[in-house]
Amino acid sequence: MPQSPSHHRIPGQILDAVSRIVVGKDEVKRLLLTALLSGGHVLIEGMAGTAKTLLGRSFAQAMGGEFRRIQLTPDLLPTDVTGFYLYRPDGSSQFIRGPIFANVVLADELNRTTPRTQAAFLEAMQERQVTIEGTTHRLAAPFMVIATQLPSGGPGTYPLTDVQVDRFMFRAWSDYPTADEEARVAEHIDLLDEPHVEAVAAPDTILALQAEVRRVHVSDEVRRYIVAVVNAIRHDPDVLIGPSPRGTIALLKGSRVLAFLEGRDFVVPDDVKALAVPALAHRIHMKSEAEMDGVTPQTLVEKALRATAVPRPA
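We now turn to the structure provided with this report. Along each chain, the written sequence defines residue order, and numbers are assigned to residues from 1. Per-residue local features of the predicted model are confined to residues with pLDDT of at least 70, and side-chain atom pairs are confined, for both listing and counting, to 80 or more; whole-chain, interface and lining totals are unaffected and use all residues. Hydrogen atoms and water are omitted, and side-chain values are computed over all heavy atoms in the structure.

### Digging into unusual backbone geometry
Following Ala 141, the chain continues to Pro 142 via a peptide bond in cis, the omega torsion being 0°. In this description a helix means any DSSP run of H or I spanning at least four residues, a strand means any run of E spanning at least two, and both kinds are numbered starting from the N terminus. In this structure, Pro 142 sits in the loop between strand S7 (135–138) and strand S8 (144–149). Of note, Arg 128 is a non-glycine position whose phi angle comes to about 60°, a positive value. Relative to the helices and strands, Arg 128 is located in the loop between helix H6 (122–127) and strand S6 (129–132). Although it is not a glycine, Glu 133 sits at a positive phi angle of roughly 55°. One can find Glu 133 in the loop between S6 and S7.

Pasting the structure below:
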C-alpha cells in the first residue's frame, strides 16, 4: 500500500519539529506518533522536571489543530474539564465548553486530581464525546489525550483507577536525560524559556493518515500471535490481573502504525514485539509475592514474548 505523496513526509516532519525543542526521548516521541495515527491516548510518567509537559505540548503544536492544557489539581471539578450549562434569569441557558473540546488535550499531572475529576476524561477518551445534563456533545476529530503523571504513590497524588489506566493505549516513561542530552539542553536554554513548535500538519491531514493506517493488513497468523502473547501474560502464575481486551486492540492498532511508518502494507511480528511493553505493562497487576521478589510487569511481558511461538512468513 503506497503512502499518499502528500502525506508520507508528515510523520517524520512531526518528529523533527518536536526534536528541535525536546532533546532525546526518541522512544516516547515515537509512541506519541503511533498513538496519534491509531486514534489512541498516551500516559507519560516520570519525575518532575523530566520534560513531560514540554514533550506533550510540543507534540500537540507540531500536529496542528486546537490544543488545550489542563493543569490537574486536587480542587478541580469535573465541569472544569467537560464544561457546564450557564443558566440565565430569563430561563435560557448556554453551554460553556470545557478544555476537553480540542484536538489534543494535555492533562498535566493527572494523578494530582481526585478520582471524581479523573473520571471526567473517561467518556471523552472512549466515546469521543461528553454527556452533560443528559445532552451529548461530540468532540473534535482527531482527538487525543496526552496525560502526564508523577510516579504513583508520591505525595499529593491519587492513584489512577484501572478503568482510567486502561483507556491509555500506551504508557511511556520520561527519564532523566543523559549527560550529553543535558549538556545540549543547557546550550539552548534561551530557546526553552518560550518554546514554540510550528505546526507541520492539520486535523484533516491526520485523519487522512489514520485512514491509510487502517488499510494496513494484519494476517490471521499475526492476530493469533497477539492474542497468544496477551493470554500468556494472563495465565502467568505471577499475574493477579492481566491485560484487558483493550490491550489486545492497542497492540494490534499500534502494530499497524509501525508497519505504515516503515512503508509496509502488512504487519510483522517484530512490530508487535516493539510495542508489547508500552501497550501491555500498565494493564498488569502482579501478585504481592512476585512484587517482593522483584518481578515487574515489563519482565512478565518480555517473558510472554519469549514463550510465545512466532508465526513464520507464509
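From this point, the narrative continues.
### Here's the deal with the environment of Thr 299
If you trace the backbone, Thr 299 turns up in helix H15 (residues 297–307). Here's how the labels work: a residue is buried when its accessible area is under 20% of the maximum for its type, exposed when over 50%, partly exposed in between, all with a 1.4 Å probe on protein chains only. Its relative accessible area of 33% is what places Thr 299 among the partly exposed residues. Note: C-alpha distance between Thr 299 and Ile 21 (278 residues apart in sequence) is 33 Å. Any pair of N or O atoms that falls within 3.5 Å is considered a polar contact. Within protein, one atom must be able to donate a hydrogen and the other to accept it, and sequence-neighbouring residues count only if both atoms are side-chain atoms. A polar side-chain atom of Thr 299 sits 2.6 Å from the main-chain carbonyl oxygen of Thr 296.

### Quick look at the packing of aromatic side chains
A pair of Phe, Tyr and Trp rings is counted when the ring centres sit within 6.5 Å of each other, with Trp represented by its six-membered ring. The angle between the planes then sorts it: under 30 degrees is stacked, over 60 is edge-to-face, the rest tilted. By the definition in use, this model includes three aromatic pairs. Ring plane angle 40° and centroid distance 6.4 Å describe the contact between Tyr 85 and Tyr 87, whose orientation is recorded as tilted. What makes Tyr 87 exposed here is its relative accessible area of 51%. Relative to Phe 101, the ring of Phe 95 lies with its centre 5.8 Å away and its plane at 75°, an arrangement referred to as edge-to-face. Since its relative accessible area comes to 19%, Phe 95 is described here as buried. Through successive ring pairs, a cluster of aromatic residues spans Tyr 85, Tyr 87, Phe 95 and Phe 101. Over the ring of Phe 266 we find Arg 264, and its NZ or CZ is 5.8 Å from the ring centre. The rule is short: NZ of Lys or CZ of Arg within 6 Å of the ring centre and within 35 degrees of the ring normal puts a charge over the ring.

### Describing the packing of helix H11 (residues 220–234) against helix H13 (residues 269–280)
Here an angle of 0 to 180 degrees is reported between the N-to-C directions of two axes, which are lines fitted to C-alpha atoms, with helices fitted over the stretch in contact. Look at H11 against H13: their axes get within 11 Å of each other, and the N-to-C directions meet at 35°. Viewed along their axes, H11 and H13 form a crossing whose handedness is right-handed. On H13, the residues that touch Val 222, Tyr 225, Ile 226, Val 229, Val 230 and Ile 233 of H11 are Pro 269, Val 272, Lys 273 and Leu 280. Side-chain classes follow a simple rule in which Ala, Val, Leu, Ile, Met, Phe, Trp, Tyr, Cys and Pro form the nonpolar group, Asp, Glu, Lys and Arg form the charged group, and the remainder, Gly included, forms the polar group. Looking at the contact of H11 with H13 residue by residue, the classes come out as nine nonpolar, no polar and one charged. Should the near helix be turned anticlockwise from the far one by less than a right angle, the crossing is left-handed, and should it be turned clockwise, the crossing is right-handed. Contacts: residue pairs with any heavy atoms within 4.5 Å of one another.

### Observations regarding the pattern of salt bridges
By salt bridge we mean one thing: a side-chain nitrogen of Lys or Arg within 4 Å of a carboxyl oxygen of Asp or Glu. Under the defined criterion, the tally for this structure stands at eleven salt bridges. Where Glu 45 meets Arg 171, a salt bridge forms, and the shortest distance between an N and an O atom there is 3.6 Å. Remark: Arg 171 occurs in strand S9 (residues 170–174) and Glu 45 occurs in strand S1 (residues 42–46); sequence separation between them is 126 residues. Residue Arg 171 is classed as partly exposed on the basis of its relative accessible area of 33%. With its nearest N and O atoms 2.8 Å apart, the salt bridge here joins Asp 108 to Arg 69. Here Arg 69 lies in strand S2 (residues 67–71) and Asp 108 lies in strand S5 (residues 104–108), a separation of 39 residues in the sequence.

### Comments concerning the packing of H11 against H15
The geometry of H11 relative to H15 is characterised by a closest axis approach of 9 Å and an angle of 130° between their N-to-C directions. The pairing of H11 with H15 is recorded here as oblique in orientation. Crossing angle aside, the handedness with which H11 passes H15 is right-handed. Contact residues: H11 offers Tyr 225, Val 229, Ala 232 and Ile 233, while H15 offers Leu 300, Val 301, Ala 304 and Leu 305. Looking at the contact of H11 with H15, its residues break down into eight nonpolar, no polar and no charged. The labels follow the angle: roughly parallel below 35 degrees, roughly antiparallel above 145, roughly perpendicular from 65 to 115, and oblique for the rest.

### Overview of the sheet that holds S9
Two strands are said to pair when DSSP picks up at least two bridges between them. Reading across the sheet, the five strands line up as S2-S5-S8-S1-S9 and stay open at both edges, with parallel pairing between neighbours. Among the strands making up the open sheet, the edge pair consists of S2 and S9. On average, each strand axis in the sheet is tilted by 20° relative to the strand beside it, whichever way the strands run. Pairing between S1 and S8: four bridges, direction parallel. Considered in S8, the bridge of Ile 44 is made with Thr 148. Packed onto the sheet, helix H2 (residues 26–37) meets S1, S8 and S9 and runs at close to 160° relative to S9.

### Observations concerning H15
The complete set of buried residues in H15 reads Leu 300, Val 301, Ala 304 and Leu 305. Seen from one end, H15 has its buried residues packed into an arc of 140°, which puts them on one side. With respect to the buried face of H15, the exposed residues turned more than 90 degrees away are Arg 306 and Ala 307. Taken together, the buried residues of H15 touch H11, strand S10 (239–241), H13 and strand S11 (285–286). Directions are taken from the helix axis to each C-beta atom, and the arc is the one they span.

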